[in-house]
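So the chains spell out like this:
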Amino acid sequence: MTYVASHTLAAGQAAEIKLKETVASYMSASLITLRRGMKAGDARAHMLGQLRDDDVPAQIFVTDDSGFLHGRLSLKTLLTERNDARPVCELMQPIDYSVEPGQLRRDVAPELQEKSPDTVPVVRGGKLAGALYEREIASLIRDEETDDAQRQGASLPLDTPYLATSPWALWKKRLPWLLLLFAAEAYTSTILQVFEEQLEAVIALAFFIPLLIGTGGNSGTQITSTLVRAMAVGEVGLRNLGAVLRKEVTTSVMIALAIGLVGLFRAWMLGVGNEVALVVCLTLVAITVWSAIVSSIIPMVLKKMRIDPAVVSAPFIATFIDGTGLVIYFNIAKLVIADLA
């Protein structure tokens, strides 16, 4: 019995959290609506009679007697119409964008940011259920941006404000991702063990490991952040993979050449020898380009698999590039340094 009660409570909490992430939790049900058969004069008086506070909507929705949404009418048009006998249906504009109560916040936030509407009708089965006004739209977008920031930091989004969240709740949100990333990072130590002989033969190679894997991770994070945002607003998708790869690889080659020269100069300053300096330079170029390829493909593949790329991309790519970057580094070293051949 205890298990059933606990399970039911957990399911209820999950459902409540899910509801908070839908349009229904943000929409306002306090609406000023007009009937499409009204005359302009009657509609104006009806609208003024429904005002209850200082929040005057810029758009008023027009419905029929059954509540089905037919259009929208700007407040300015209604107030400036001189012909009081003119029907509202002749003044209204068609609805060009609407949302449904059950839509998830993460699905509508990018469109709201792109379109920047002042009022959005919330429609259920063709009937007007509510509306998102400027205040609700701003709140929805802000909450989604907060969740995205937390996800990109490899943490589950908080259900309550930060100061109201207990350390225990933070522990539960952060630990699963940290354990997963810890397990993924563990393979880098295996790679170092495989190339132990090269490190012992040329100890100077160890000096540049943090620099190299850090550069790859930083480069990947830059691309991922830009690409995830572009996917969220519908600018790119898997169909654009070729164009994205061409753009990012071209950009990364230019960046890689600049970083490679800086790395060469840094290695020369440390006095590690020409061979090691050349290895560092070539590795920086290779890792930067490799990072661009990986960071262009993985977010799109995750999106196709219906996995939120904002959650997985940045930490996974950084971890993946850490290990593969070491493999690239030591293999270039074997090719360049005679003592390792």
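The numbering scheme is per chain: residues are counted from 1 as the chain's sequence reads. Totals for whole chains, interfaces and linings use all residues, but because this is a predicted model, local features are given only for residues with pLDDT of at least 70 and pairs of side-chain atoms are given and counted only at 80 or more. With hydrogens and water stripped out, all remaining heavy atoms of the structure feed into the side-chain values.

Let's talk about the overall build of the protein
- From N to C terminus, the protein includes twelve helices and five strands.
- Buried means the residue's accessible area, taken with a 1.4 Å probe over protein chains only, is under 20% of the maximum for its type, while exposed means over 50%, and partly exposed covers the values in between. Expressed as a percentage of its 341 residues, the buried residues of the protein come to 42%.
- Residue contacts follow a heavy-atom distance rule, with two residues in contact if any of their heavy atoms lie within 4.5 Å. A fraction of 68% describes how many contacts in the protein between residues 6 or more apart in sequence connect residues 24 or more apart.
- Surface accessibility follows the Shrake-Rupley procedure with a 1.4 Å probe radius. Residue values consider only the protein chains on display as shielding. Taken as a whole, the protein presents about 19,000 Å² of accessible surface, with 60% of it coming from carbon and sulfur. Only runs of H or I of at least four residues qualify as helices and only runs of E of at least two qualify as strands under DSSP, and these elements are numbered from the N terminus.

Some words on a negative patch on the surface
- A cluster of acidic residues, D107, E111, E114 and E235, forms a negative patch on the protein surface.
- Secondary-structure assignment places E111 in helix α5 (residues 105-115).
- Relative accessible area serves as the criterion here: at 33%, E111 is assigned to the partly exposed category. Patch rule: a residue counts if its relative accessible area is over 30% and it has no salt bridge; like charges are joined within 9 Å, and nonpolar side chains (Val, Leu, Ile, Met, Phe, Trp, Tyr) within 5 Å. When a carboxyl oxygen of Asp or Glu lies within 4 Å of a side-chain nitrogen of Lys or Arg, that pair is called a salt bridge. Only four residue types enter the charge count: Lys and Arg as positive, Asp and Glu as negative, with His and the chain ends excluded. Throughout, a charge is located at the NZ atom of Lys, the CZ atom of Arg, the CG atom of Asp or the CD atom of Glu.

Topic: α5
- Within α5, burial applies to R105, V108, A109, P110 and L112.
- Just past α5, the residue S116 takes up positive phi, approximately 50°.

Description of the packing of helix α10 (residues 241-270) against helix α11 (residues 274-304)
- Packing of α10 against α11 brings their axes to within 7 Å, and their N-to-C directions diverge by 155°. Our classification of the angle between α10 and α11 gives roughly antiparallel. In this structure, α10 meets α11 at a crossing whose hand is right-handed. Note on definitions: angles span 0 to 180 degrees between N-to-C directions of axes, and those axes are lines fitted to C-alpha atoms, for helices only across the stretch in contact. Just so you know how the angles are binned, under 35 degrees is roughly parallel, over 145 roughly antiparallel, 65 to 115 roughly perpendicular, and the rest oblique. Left-handed is the label given to a crossing in which the near helix is rotated counterclockwise from the far helix by less than a right angle, and right-handed is the label when the rotation is clockwise.

Some words on the UniProt feature "transmembrane region" (unreviewed entry) in the protein
- UniProt positions are given in the numbering used here, feature names are shortened, and annotations may be inferred rather than shown by experiment. The UniProt feature table records "transmembrane region" (unreviewed entry) at residues 175-195, 201-221, 249-270, 276-298 and 310-332.
- Secondary structure across residues 249-270 comprises 100% helix and 0% strand; the distance between its end C-alpha atoms is 30 Å.

Quick look at the sheet that holds strand β3 (residues 69-74)
- Spatially, three strands are ordered β1-β2-β3 in an open sheet, and the strand pairing comes out mixed. Both outer strands of the open sheet, β1 (33-35) and β3, are each paired with one neighbouring strand and no more. Across the sheet, the mean angle from the axis of one strand to that of its neighbour is 35°, orientation sign disregarded.
- As paired elements, β1 and strand β2 (residues 59-63) share three bridges and run parallel to each other. Its bridge partner lying in β2, T33 is registered against F61. Here the rule is simple: two strands pair whenever DSSP picks up at least two bridges between them.

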